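Read off the chains here:
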Amino acid sequence: MQNTKAYIMLVCATLFWAGNFTLAKLAYLENIPPNSLAFLRWCLVWIILLPFTYKEILKLKNQIKGNLSLFLILGSTSVCIFTSFTYNALNYTQVINASLFNTAIPVTIILVCFLLKIEKTNIFQISGLVISVLGILAIITKLDLDILLTLNFNKGDLFMVGAIIAWGIYSAYLRKRTFEVSLLALVHIICTFGLIFLLPLFILDMTQGKIIEMSSNFFYILAYVAIFPSIGSYYCWAGAVSIIGANRAGIFLSLIPLFSTLMAIFFYNEQFQFFHLIGAILIILGLFLSNKEIKNA
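**Description of the overall build of the chain**
Looking only at helices and strands, one finds 14 helices and zero strands in the chain. N-terminal to C-terminal, the α/β element order of the chain is α-α-α-α-α-α-α-α-α-α-α-α-α-α. Against the compact-globule benchmark of 19 Å for 297 residues, the chain has a radius of gyration of 19 Å, which places it among compact chains. The dimensions of the chain, computed from C-alpha atoms along their principal axes, are 55 × 50 × 35 Å.

Put into C-alpha cells, the structure is as follows:
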C-alpha cells in the first residue's frame, strides 16, 4: 500500500515537472528572464506555504540550525541551480532535449550515492551509469562526431548537464536530515535556503536591464510553476523518496521526457529525431541495468 502511494506521487510529480519544461519554453518566447522567473517562482511558493508551515518551522528552528549545512546544499542544488539552469537551458535548446536529460538523473543519483557512501552501489549500477552517459553524449553531440571533437556543444544542453548533476546531489542528500518534518515544511525550508542563492541572480538580471513585462501570460506561467512543479512535485517527490528511497524513485523520472515530448510536439511542433531515440534507448537501458540486483548464490 505504501509503495502504491509512492508510485502515484511519482507519476504526479513527473507530470507536473513535464509541464514546467513546456511553460519554461513559453517563458522564453515571452521574453521572461530565466533567473528572474526562477526567483519569483520560489518567492510565490514561499508566500503560499507560509500560513501552513510557519508554526512547525518555528518549533524546529534549533534542528534547522543543527542541519544548516545540509539545507544550504538542498536549497542551492534544487531550488537555485536546478531551476535556474533548466530555465536558462530552454533559452537555447528544445523541450525534448532538456527533458530527455532528466532520464539520466537516476544514474546521477546512483553516482552521487556511491561517491558519498549514502547507499550501496553494485556493478550493474556502475555499468548502467556508463551506458547512460553514452546516451547523454548521443543527445549532446546529435551523433555528430565533429561536435564531440570540436567541443561545439549547445549551451542549453550543457546547462541541463549541470542541472541533472545538481538534482542528483539534492536527491542523495534528501534523506540525511536528522529530524522529522512534514513534507510541506520541508519544501518551505528548502525554498527559504534556495532563495538566498537565487536573490543575487535576480539582482544581476535587474542590473543588466532584464525586466519582466507584466502580462496575463506571465501571471499564468508564474502561477503554474509556483503551484504544480514547485509545491506539488516537490511534495510528491520528497514523500516518495522517504518511502522507497532515492534510487528506486529516480527511475520514475523517465516519465518526464515522455510527457514533455508529447507536449512539445503538440504545442511547439518540435521533432523527435533519430539522435533523441538513440540517446533515450541508451539512457533507459542504463536505467534498467542500474536497477538490477545482484542475487547471492
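**What about the state of the cysteines?**
Taken as a whole and judged by the stated rule, the model has zero disulfides. Cys 12 forms no disulfide, and the closest cysteine sulfur to it belongs to Cys 236, at a distance of 5.2 Å. Accessibility expressed as a relative area gives 29% for Cys 12, which makes it partly exposed. Free of any disulfide, Cys 80 has its nearest cysteine sulfur in Cys 191, 12 Å distant.

**Looking at the environment of Phe 193**
With respect to the helices and strands, the residue Phe 193 is situated in helix H10 (residues 183-207). The exposure class of Phe 193 is buried, given its relative accessible area of 10%. If we ignore the near neighbours within four places in the chain, the residues touching Phe 193 are Ile 64, Leu 68, Phe 71, Leu 72 and Gly 75.

**A word on the packing of aromatic side chains**
Per the counting criterion, the structure on display carries 13 aromatic pairs. Each ring, one from Phe 16 and one from Phe 228, has its centre 5.3 Å from the other, and the planes form 55 degrees; the classification is tilted. Taken together, the residues Phe 16 in helix H1 (residues 2-29) and Phe 228 in helix H11 (residues 216-244) connect sequence positions 212 residues apart. Pairing Trp 17 with Trp 167 gives two aromatic rings, centres 5.2 Å apart and planes at 80 degrees, and the pair type is edge-to-face. Separated by 150 residues along the polypeptide, Trp 17 in helix H1 and Trp 167 in helix H9 (residues 155-173) bring together distant segments of the chain.

**What about the nonpolar core?**
Side chains of nonpolar character tend, in soluble globular proteins, to be buried together. Counting residues in hydrophobic clusters, the biggest one holds 88 residues, and the most contacted among them are Phe 71, Trp 167, Leu 174 and Trp 237. At 14 residues, H11 tops the list of elements feeding residues into this core. Excluding residues within four positions of it along the chain, Trp 167 makes contact with Trp 17, Ser 78, Phe 82, Ile 105, Tyr 234, Trp 237 and Leu 253.

**Concerning the packing of H1 against H11**
Angle between the axes and distance between the axes are the two parameters that describe a pair of packed helices. For the pair H1 and H11, the least separation of the axes is 8 Å and the interaxial angle reads 150 degrees. As the angle between them shows, H1 and H11 are arranged roughly antiparallel. Here H1 runs over H11; the crossing is left-handed.

**So, the side chain of Glu 270**
Counting through the fold element by element, Glu 270 comes out in the loop between helix H13 (255-268) and helix H14 (274-290). We note that Glu 270 is buried and unpaired, the nearest opposite charge coming from Lys 25 at a distance of 5.1 Å. There is a polar contact of 3.0 Å between the side chain of Glu 270 and the backbone nitrogen of Val 95. In contact with Glu 270, not counting residues within four places along its chain, are Lys 25, Gln 94, Val 95, Ile 96, Ala 264 and Ile 265.

**So, the environment of Leu 44**
By the element assignment, Leu 44 lies in helix H2 (residues 34-59). You can call Leu 44 partly exposed: its relative accessible area is 26%. For the pair Leu 44 and Cys 191, spaced 147 residues apart in sequence, the C-alpha to C-alpha distance is 10 Å. When neighbours within four sequence positions are excluded, Leu 44 is seen to be in contact with Leu 222, Ala 223 and Ala 226.

**Details of the side chain of Asp 157**
Tracing the backbone shows Asp 157 in helix H9. On the basis of relative accessible area, Asp 157 is assigned to the buried category, the value being 0%. Among the polar contacts made by the side chain of Asp 157, one reaches the side chain of Thr 93 at a distance of 3.1 Å. Once residues within four sequence positions are removed from consideration, Asp 157 is found in contact with Thr 93, Asn 97, Phe 101, Ile 139 and Ile 140.

Procedures and definitions
Residues numbered from 1 in each chain as written. Predicted model: local features only at pLDDT ≥ 70, side-chain atom pairs only at ≥ 80, totals over all residues. Heavy atoms only, no water. Helix = DSSP H or I, 4+ residues; strand = E, 2+ residues; numbered from the N terminus. Rg over C-alpha atoms; globule rule 2.2 N^0.38 Å. Disulfide = S-S within 2.5 Å. Buried < 20%, exposed > 50% of the residue type's maximum accessible area, 1.4 Å probe, protein only. Contact = heavy atoms within 4.5 Å. Phe/Tyr/Trp six-rings, centres within 6.5 Å; stacked < 30°, edge-to-face > 60°. Core = buried A, V, L, I, M, F, W, Y, C linked by side-chain atoms within 4.5 Å. Axes fitted to C-alpha atoms, helices over the stretch in contact; angles between N-to-C directions. Parallel < 35°, antiparallel > 145°, perpendicular 65-115°, else oblique. Left-handed = near helix turned anticlockwise from the far one by under 90°. Lys, Arg positive; Asp, Glu negative; His and termini not counted. Salt bridge = Lys/Arg side-chain N within 4 Å of Asp/Glu carboxyl O. Polar contact = N/O pair within 3.5 Å; in protein donor to acceptor, adjacent residues only side chain to side chain.

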